[in-house]
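Here is how the chains run, residue by residue.
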Amino acid sequence: MPGPEGRALLWRRWVASQFRLSAAIDRRLVAAPDCHDAFAHFRQLVLSELRDGMTAYDIGGGRSPFLSPAARAEKKLCVVGLDVDTKELAAAPAGAYDRMIAADLTQYRGSGDADLVICHTVLEHVSDAQAALRGIASALCAGGRALIFVPCATSTFARLNRVVPEPLKRRLLDMVWPDDHDHNGFPARYDRCTPSRMAAAATAAGLEVEQVTAYFLSYYFYACAPLHAAWRLGANIRRRWRGDEAAEYFCLVARRAARAPRSAAPP
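Residues numbered from 1 in each chain as written. Predicted model: local features only at pLDDT ≥ 70, side-chain atom pairs only at ≥ 80, totals over all residues. Heavy atoms only, no water.

**Quick word on the pairing of strand E1 (residues 55-59)**
The element E1 is largely enclosed, with a buried count of five among its five residues. The alternating pattern of E1 places Thr55, Tyr57 and Ile59 and Ala56 and Asp58 on opposite faces, both of which are buried. Pairing of E1 with strand E2 (residues 78-83) involves five bridges; the strand directions are parallel. Residue pairing for E2: Ala56 is matched across the bridge by Val79. The β-α-β motif built from E1, the intervening helix H3 (residues 69-74) and the parallel element E2 has right-handed crossover chirality. Examined bridge by bridge, E1 and strand E4 (residues 114-120) share four bridges and lie parallel to one another. Across the sheet, the residue bridging to Ile59 is Cys119, located in E4. (Buried < 20%, exposed > 50% of the residue type's maximum accessible area, 1.4 Å probe, protein only. Helix = DSSP H or I, 4+ residues; strand = E, 2+ residues; numbered from the N terminus. Pairing = 2+ DSSP bridges. Right-handed = clockwise from strand over helix to strand, strands pointing away.)

**Some remarks on the sheet that holds strand E7 (residues 249-256)**
Strands sit in the order E3-E2-E1-E4-E5-E7-E6 across an open sheet of seven strands; the sheet is mixed. Each edge of the sheet is formed by a strand with only one pairing partner; in this case those strands are strand E3 (99-102) and strand E6 (207-215). Going across the sheet, the axis of each strand differs from the next one's by a mean of 15 degrees, ignoring polarity. Relative to strand E5 (residues 140-151), E4 runs parallel, the two being bridged by six bridges. Looking at E5, one finds that Leu116 is bridged to Arg145. Here helix H8 (residues 195-204) sits on the sheet in contact with E5, E6 and E7, set at roughly 165 degrees to E6. (Axes fitted to C-alpha atoms, helices over the stretch in contact; angles between N-to-C directions. Contact = heavy atoms within 4.5 Å.)

**Notes on the pattern of salt bridges**
Tallying each qualifying case throughout the model produces 10 salt bridges. Note that Arg232 is salt-bridged to Asp26, the shortest N-O span being 2.8 Å. Of this pair, Arg232 sits in helix H9 (residues 225-242) while Asp26 sits in helix H1 (residues 4-29), and the two are 206 residues apart along the sequence. The class of Arg232 is buried, set by a relative accessible area of 1%. Since its relative accessible area comes to 6%, Asp26 is described here as buried. One salt bridge in this structure joins Asp128 and Arg192, with 3.4 Å as the shortest N-O distance. Taken as a pair, Asp128 in the loop between E4 and helix H5 (129-139) and Arg192 in the loop between helix H7 (166-176) and H8 lie far apart in primary sequence, 64 residues in all. Judged by relative accessible area, which is 29%, Asp128 ranks as partly exposed. (Salt bridge = Lys/Arg side-chain N within 4 Å of Asp/Glu carboxyl O.)

That is the geometry; function is a separate question.
Structural data, given as structure tokens:
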């Protein structure tokens, strides 16, 4: 009988084998060729938006900023970390932020100095997504863009997230992704977290929605290939029925409108 370390090694090998099988299932049953890895796709989108010397707000990054200190230095960015938890901000790597703001995004009103706002897996945790979007809009300068990444409320994992008790959920997530222990299991509310409802809320908050991208790939059931296969078949059916509203995740790109020029004074 293997000891604790041996059992842990066997478990990791078994999980890895299930991940390989689940990936093979996706290659066979994926609904469409645009089934991107959502996280990688969003990161590339953010990197493509970076310009030298810009001011970027990282919303909810806390101890794990979206942009590394090296990326910040390379582009000479001014990065502002905004998080509800002071301790999370204080635990960030040295050099991650030029400035830190501890604030509830739903109540925050900014100074309009951000060229770019990055909001990655945050809005599903707030009680009022439209109020949070007003906070994001207030941080942006005229013409500034917000890149917002959100898990979709209609996804299977989101539905489970709302009903599975927090302690059990954390244990299950830690078993499969032990390296993500500090990020697993934050309570989620999923207010307005579908592509159409979030786009409508962004418009109501004063933003111009430029693009909404839906993603249909999820790794939540990769650790059990038969379960993942059942989920994949169901997900393909839901997508045919509901379109983008059946996404697993989605990305919204929105812009704060440039101020209209003042009209010339009458002669």
